[in-house]
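Here's the letter readout for the chains.
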Amino acid sequence: MTAVLCRHFGLRNIEIAEDIASDTFLKASENWAINGVPEKPTAWLYAVAKNKTKDYFKRISIFEAKIKHDLKSDERNYENNFEFDEQIISDSQLAMIFAVCNPVNSSESQIALALQILCGFSVEEIANAFISKTETIKKRLQRARNNLRNDDFQIRALTKLEVQSRFDTVLQTLYLLFNEGYFSKSNCQFIRKELCSEATRLILTLTENPLTDTPKTKALLALMCFQSSRIEARMNEKGEAVLFDEQDKSLWDKSLIEKGNYYLVNAIDGNEISKYHLEAGIAYWHTTDHDNKWLNILHLYNQLILIEYSPITALNRTFALSKVYGQEKAISEAEKLKLNGNSQYHELMGYLNAQSNISKAIKHYEKAIKMTKSKTEKQTLTKEIERLKSGKPEDIDKKRVV
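Here is a short report on the structure shown in this document.

### Focus: the overall build of the protein chain
1) Next: Of the regular secondary structure elements, the protein chain holds 20 helices and zero strands.
2) Next: Scored against the burial criterion, the 402 residues of the protein chain give a buried share of 50%.
3) Next: Residue pairs in contact within the protein chain that sit at least 24 positions apart in sequence constitute 64% of those at least 6 positions apart.
4) Next: Entry remark: accessible area of the protein chain is about 20,200 Å², with carbon and sulfur atoms responsible for 49%.

If you want it as structure tokens, here you go:
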């Protein structure tokens, strides 16, 4: 809704568009509670947003002075185009993402702003995505907004060169959007299906445009298909996380796995290998039962960490290393990472020590529980501690939430 409003009324005052969107949903919550959900709720919402926007401009006289002339010049086209079917919303969202991913800001600031404005991320969620402090993100967002205002940017048709220069940032934004949906760290929900679906839909839209239908796009879409195929199996009826080896494979969506295979094969074009290719390859191996599964995953992580290092990649590589070479070697590798302030480091160390040193494993799990903000992750780790204390560690290969 924010994207659509900005598309029609300009981007000079992004906050106003966000406020109107919030007011619209507030009115819906009040009206629908009394009168029921209308037959066409989406049309109702956008009609209210449209009227609120017009009212705002009228109140401050901007409507008469600066906007009315432009609207009158093509009033008929304006009235026709202010319909909100899915295609227009999709176009508006992507146009807004490309507009926000403006080189006037750093790539990190572009992504943070896009996640906040278009994806509805809180400052805390953006901080989790960047593994950064909330205060750092707040300052980054404020600077980014000021830079955009000073640059007087507009949603407009971009040139081929502009699309290409912003494209990597757009892909990273959608990648982080999907990740938050797949494994939410700060939300009460462990899985946010709507975010996964939205990210996948927008990536699919990019494959339909010749300018953005690239090997990277297809590789990222393949990754999303592979990961989405297991969503239904990752939680039980109580809303608890189901660890990878405990998942009911009959719940895996075979059609999505097939689509992932299709897009990954088609993503192999020339010599370009991106992080999305490698992560899609890792996700592919997770859907198989091949004897050399973990060795192949480790090889892919070895390549991935050279392309783009991150603490999460390093920890996941160490987990794969333990599957191939054992816990002792993996513990030595994990300690070299020096990630004591990371909850996932302690989660991994808890798993790696569970066979040889139960008391040490419990201490790491307890530290992970204190550090993580995910309610679901806390529940999972608490169960692991109880299992270890009971003297029945069972199959520790089931440790990680994948």
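This is not the end of the story, as more comes after the structure.
### Quick notes on the packing of helix α2 (residues 14–35) against helix α3 (residues 41–59)
1) Next: Closest axis-to-axis distance for the α2/α3 pair is 9 Å, and the angle between their directions is 130°. Judged on the interaxial angle alone, α3 and α2 are oblique. Between α2 and α3 lies a crossing of right-handed hand. Of the residues in α3, those touching α2 at Ile16, Ile20, Asp23, Thr24, Phe25, Lys27, Ala28, Asn31 and Trp32 are Pro41, Trp44, Leu45, Val48, Ala49, Lys52, Thr53 and Tyr56.

### Examining the packing of helix α12 (residues 215–228) against helix α14 (residues 275–286)
1) Next: Remark: α12 packs on α14, axes separated minimally by 8 Å, with the N-to-C direction vectors making an angle of 25°. One way to sum up the angle between α12 and α14 is to call them roughly parallel. Along this stretch, α12 crosses α14, giving a crossing that reads as left-handed. Between α12 and α14, the residues in contact are Pro215, Lys216, Ala219, Leu220, Ala222, Leu223, Phe226 and Gln227 and Tyr276, His277, Glu279, Ala280, Ala283 and Tyr284, respectively.

### With respect to the packing of aromatic side chains
1) Next: Scanning the entire structure with this criterion turns up eight aromatic pairs.
2) Next: Both rings, one in Trp32 and one in Trp44, keep their centres 5.3 Å apart while their planes meet at 65°; by these two values the pair is edge-to-face. With a gap of twelve residues between them, Trp32 in helix α2 and Trp44 in helix α3 connect regions that are remote in the sequence.
3) Next: Relative to Trp285, the ring of Tyr284 has its centre 5.2 Å away and its plane inclined at 65°; by these criteria the two rings are edge-to-face.
4) Next: Take Tyr284: its relative accessible area is 28%, and that puts it in the partly exposed class.
5) Next: Taken together, the ring pairs in this structure connect Phe226, Tyr284 and Trp285 into an aromatic cluster.
6) Next: One Lys or Arg, Arg230, reaches over the ring of Trp252 and ends 5.9 Å from the middle of that ring.

### Re helix α11 (residues 193–207)
1) Next: Here α11 spans 21 Å end to end across 15 residues, near enough to the 21 Å set by a 1.5 Å rise per residue.
2) Next: Within α11, the full set of buried residues consists of Leu195, Cys196, Ala199, Thr200, Leu202, Ile203, Thr205, Leu206 and Thr207.

### Topic: the nonpolar core
1) Next: Ranked by size, the top nonpolar core spans 77 residues in total, and within it Leu174, Ile203, Leu206 and Leu220 carry the most contacts.
2) Next: Element by element, the count of residues in this core is highest for helix α10 (residues 160–182), at ten residues.
3) Next: Setting aside residues no more than four positions away along its own chain, Leu174 makes contact with Ile97, Ala199, Leu202, Ile203, Leu206 and Met224.
4) Next: Among the nonpolar cores identified, the runner-up in size contains 31 residues, and Ile282, Trp285, Ala320 and Leu339 belong to it.

### Focus on the pattern of salt bridges
1) Next: All chains considered together, the criterion is met by 15 salt bridges.
2) Next: Its salt-bridge partner being Lys193, residue Glu232 comes within 2.8 Å of it at the nearest N-O pair. Within this pair, whereas Glu232 is found in the loop between α12 and α13 (254–267), its partner Lys193 is found in helix α11, the two being separated by 39 residues in sequence.
3) Next: On the accessibility criterion, Glu232 (47% relative accessible area) is partly exposed.
4) Next: What makes Lys193 partly exposed here is its relative accessible area of 41%.

Rules of the game
- Residues numbered from 1 in each chain as written.
- Predicted model: local features only at pLDDT ≥ 70, side-chain atom pairs only at ≥ 80, totals over all residues.
- Heavy atoms only, no water.
- Helix = DSSP H or I, 4+ residues; strand = E, 2+ residues; numbered from the N terminus.
- Buried < 20%, exposed > 50% of the residue type's maximum accessible area, 1.4 Å probe, protein only.
- Contact = heavy atoms within 4.5 Å.
- Areas by Shrake-Rupley, 256 points an atom, 1.4 Å probe, with all protein chains shown as cover.
- Axes fitted to C-alpha atoms, helices over the stretch in contact; angles between N-to-C directions.
- Parallel < 35°, antiparallel > 145°, perpendicular 65-115°, else oblique.
- Left-handed = near helix turned anticlockwise from the far one by under 90°.
- Phe/Tyr/Trp six-rings, centres within 6.5 Å; stacked < 30°, edge-to-face > 60°.
- Lys NZ or Arg CZ within 6 Å of the ring centre and 35° of its normal.
- Expected span 1.5 Å × (residues − 1).
- Core = buried A, V, L, I, M, F, W, Y, C linked by side-chain atoms within 4.5 Å.
- Salt bridge = Lys/Arg side-chain N within 4 Å of Asp/Glu carboxyl O.

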